[in-house]
Amino acid sequence: MSKNSKTYDFPPYRPPNEAFSALIRITRGCPWNQCAFCFMYKNIKFEIKRLEEVKNDVKEARQIYRRAKHIFLGDSDNLLHKNLPEIVAFIKKIFPECKRITTYARAKTILRQKLEFLISVRKAGLDRLHIGLESGDVVVLERLCKGLNPKEMIEAGLKAKKAGFEVSFYVISGAGGKDCWKDHALNSARVLNKIRPDFIRLRTLTLQHGTPLKEKLMRGEFTVIPPIERLKELKLFLQHLDLEDCYLTSDHLTNYLWAGNDVFYRGVAGNLPNDKQEMLKDVQQAIEYIESTDLKIKDSNQLYEEGFISSL
Ligand code: SF4
């Protein structure tokens, strides 16, 4: 069977660094589905797949993926599946060569689940959780309808780490808009400094049609900050990160900046703390380039509006 099998239940989304991973779907959709910027699972009714169905999928996946060093589990909130320890153990049995299993996880669900359950999932072989922080600022989190406050985000992150998971947190550049960009930068750094994640992944706020935040933008109730201000926000965020052993990456197209038709900035990436000064230098260079050029600077929002990016 080819990897493009029409019958196999492929998760519709996965992190970019899982592009070569085997994909197995444990749940469908998002049980929250209310984040104001999110378009991902809007048309999917949340569903926890039955244990037998998942096991059959795992066996089918074995036919599709002849070798799977890494496995990613979809969709957005698999820690809700009460059979997750059994499922992960079954995946490990069917894919003995697998070195890493990861999944998306909602911070609220981490808070709600018992620590013993999380530990049993970890012991079964789930290695890493991809968690959306988006912002560490209380006003911004409310505006994004994330359903958690910064204190809960910290508790969730620490609980996931206590259970033994590697944690990867997503931050949205530009989420503070015009009025809250400084608080967004400072409080996101503050929250992450408390959690001490293994990875930070940056995304740029790109408002797609049909999302509540895009509607707010259309009504004039929200302002997307231009690239130069977003870079200043990123600089402030980086300056205030005080982390050891954390890899920060901008592994998404939304972080790119174009001058005319050429990409001149692809985001920053590096280990903290060692590469921090280098990353700050890259951001400063991008700021100075924008200040010095007459070319039109475009980010993912303009490219989306112009139809060059259809979905992110
Ligand atoms: S960002 Fe995550 S939690 Fe929020 S609606 Fe989208 S999938 Fe659900």
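Right above here is the structure, for reference.
Attention in this report is confined to the structure presented alongside it. (Residues numbered from 1 in each chain as written. Predicted model: local features only at pLDDT ≥ 70, side-chain atom pairs only at ≥ 80, totals over all residues. Heavy atoms only, no water.)

### Quick notes on the packing of aromatic side chains
Applied cut-off: Side-chain rings of Phe, Tyr and Trp, where Trp is taken by its six-membered ring, are said to pair if the distance between their centres is within 6.5 Å; with planes under 30 degrees apart they count as stacked, over 60 as edge-to-face, and otherwise as tilted. Note on classification: 1.4 Å probe, protein chains only; a residue is buried when its accessible area is under 20% of the maximum for its type, exposed when over 50%, partly exposed between these limits.
The tally for this structure, following the rule as stated, stands at six aromatic pairs. With a centroid separation of 4.7 Å and 75° between ring planes, the pair formed by Y8 and F10 is classed as edge-to-face. A relative accessible area of 4% places Y8 in the buried class. Taking relative accessible area as the criterion, F10 reaches 23% and is therefore assigned partly exposed.

### Quick look at the pattern of salt bridges
This is how the line gets drawn: Here a salt bridge means any side-chain nitrogen of Lys or Arg lying within 4 Å of a carboxyl oxygen belonging to Asp or Glu. The secondary structure listing takes helices from DSSP runs of H or I that are at least 4 residues long and strands from runs of E that are at least 2 residues long, numbered from the N terminus.
Inspection of the entire model under this criterion finds 24 salt bridges. Measuring nitrogen to oxygen at the nearest pair gives 2.9 Å for the salt bridge that ties E229 to K178. You can see E229 sitting in helix α9 (residues 227-240) and its partner K178 sitting in helix α7 (residues 177-195), a full 51 residues away along the chain. On the accessibility criterion, K178 (44% relative accessible area) is partly exposed. The network of salt bridges with common partners includes D9, R25, R28, E47, K49, E53, D57 and D75.

### What about a positive patch on the surface?
Note the threshold: Nonpolar side chains (Val, Leu, Ile, Met, Phe, Trp, Tyr) are joined into patches within 5 Å and like charges within 9 Å, using only residues with over 30% relative accessible area and no salt bridge. The method behind every accessible area is Shrake-Rupley, applied with a 1.4 Å probe, and residues are considered shielded solely by the protein chains displayed. In this tally Asp and Glu are treated as negative and Lys and Arg as positive; neither His nor the chain ends contributes. One atom stands in for each charge, and that atom is NZ of Lys, CZ of Arg, CG of Asp or CD of Glu.
Judged by side-chain charge, R67, K69, K92 and K99 come together as a positively charged surface patch. Position of R67 relative to the elements: it lies in the loop between α1 (51-64) and β4 (70-74).

### Description of the environment of V58
What counts, and what does not: Contacts were defined at the residue level, with two residues in contact if any of their heavy atoms lie within 4.5 Å.
Turning to its location among the elements, V58 is positioned in helix α1. Exposure remark for V58: the relative accessible area of 0% places this residue in the buried category. In this structure the C-alpha to C-alpha distance between V58 and K82, which are 24 residues apart in sequence, comes to 17 Å. Residues within four places of V58 in sequence aside, it is in contact with I24, F90, I91, I94 and F95.

### Comments concerning the site of the ligand
Formally: Any residue with a heavy atom lying within 4 Å of a molecule or strand is counted as near it. When residues are sorted by character, Ala, Val, Leu, Ile, Met, Phe, Trp, Tyr, Cys and Pro go into the nonpolar class, Asp, Glu, Lys and Arg into the charged class, and all the rest, Gly among them, into the polar class.
Near the ligand the following residues occur: C30, W32, N33, Q34, C35, F37, C38, Y41, S76, R106 and K146. Considered class by class, the residues forming the shell around the ligand number six nonpolar, three polar and two charged.

### Examining the pairing of strand β7 (residues 166-173)
So the rule is basically this: Strands are labelled as partners when DSSP assigns at least two bridges between them. Convention used here: a crossover is right-handed provided that the path from the first strand, over the helix, to the second strand proceeds clockwise when the strands point away from the viewer.
A large share of β7 lies buried, amounting to seven of its eight residues. Relative to strand β8 (residues 199-204), β7 runs parallel, the two sharing six bridges. From the neighbouring strand, V171 faces β8, where its bridge partner is L202. You can see the chain leave β7, run along α7 and come back into β8, and the turn it takes is right-handed.

### Some details on the sheet that holds strand β13 (residues 297-298)
The criterion, for reference: The axes are straight lines fitted to the C-alpha atoms, using for helices just the contacting stretch, and the angles between their N-to-C directions are given from 0 to 180°.
Strand order across the open sheet formed by three strands is β11-β10-β13, with antiparallel pairing between neighbours. A single partner strand is all that each edge strand has here, and the edge strands are β11 (262-265) and β13. Note: strand β10 (residues 257-259) against β13, two bridges, orientation antiparallel. The residue of β13 that forms the bridge with A259 is I297. On the sheet, α9 packs against β10, β11 and β13 and is oriented at approximately 140° with respect to β10. The sheet contacts of helix α10 (residues 276-292) involve β10, β11 and β13, and relative to β11 the element is tilted by about 130°.

### Topic: helix α4 (residues 115-124)
Given 3.6 residues per turn, any residue in an α-helix points the same way as the ones three and four places further on. Counted only if it meets this: To be clear, the arc concerns the directions from the helix axis to the C-beta atoms.
Taken as a whole, α4 has its buried residues at F117, L118, V121 and A124. Angularly, the buried residues of α4 cover 125° about the axis, an arc narrow enough to put them on a single face. Turned more than 90 degrees away from the buried face of α4, the exposed residues are E116 and K123. The secondary structure elements touched by the buried residues of α4 are α2 (84-94), α3 (107-112) and α6 (150-162). Positive phi appears at G125, one or two residues downstream of α4, with a value of about 130°.

### What to know about the packing of α6 against α7
Note the following rule: An angle below 35 degrees is treated as roughly parallel, one above 145 as roughly antiparallel, one from 65 to 115 as roughly perpendicular, and anything else as oblique. Note on convention: the crossing is left-handed when the near helix lies turned anticlockwise from the far helix by less than a right angle, right-handed when the turn is clockwise.
Running from N to C, α6 and α7 point in directions that differ by 25°, and their axes come no closer than 9 Å. Compared by their axis directions, α6 and α7 come out roughly parallel. Crossing handedness for the pair α6 and α7: right-handed. Here α6 contributes P150, M153, I154, G157, L158 and K161 to the contact with α7, which in turn contributes R190, V191, K194 and I195. Classifying every residue of the contact of α6 with α7 by side-chain character gives six nonpolar, one polar and three charged.

### With respect to the sheet that holds strand β6 (residues 128-134)
Overall, mixed pairing links the eight strands, which are arranged β1-β4-β5-β6-β7-β8-β9-β12 in an open sheet. Both outer strands of the open sheet, β1 (22-25) and β12 (270-272), are each paired with one neighbouring strand and no more. Adjacent strand axes in the sheet meet at a mean angle of 25°, parallel and antiparallel pairs treated alike. Across three bridges, β8 lies against strand β9 (residues 246-249) in parallel orientation. Counterpart to I200 in the pairing with β9 is L248.

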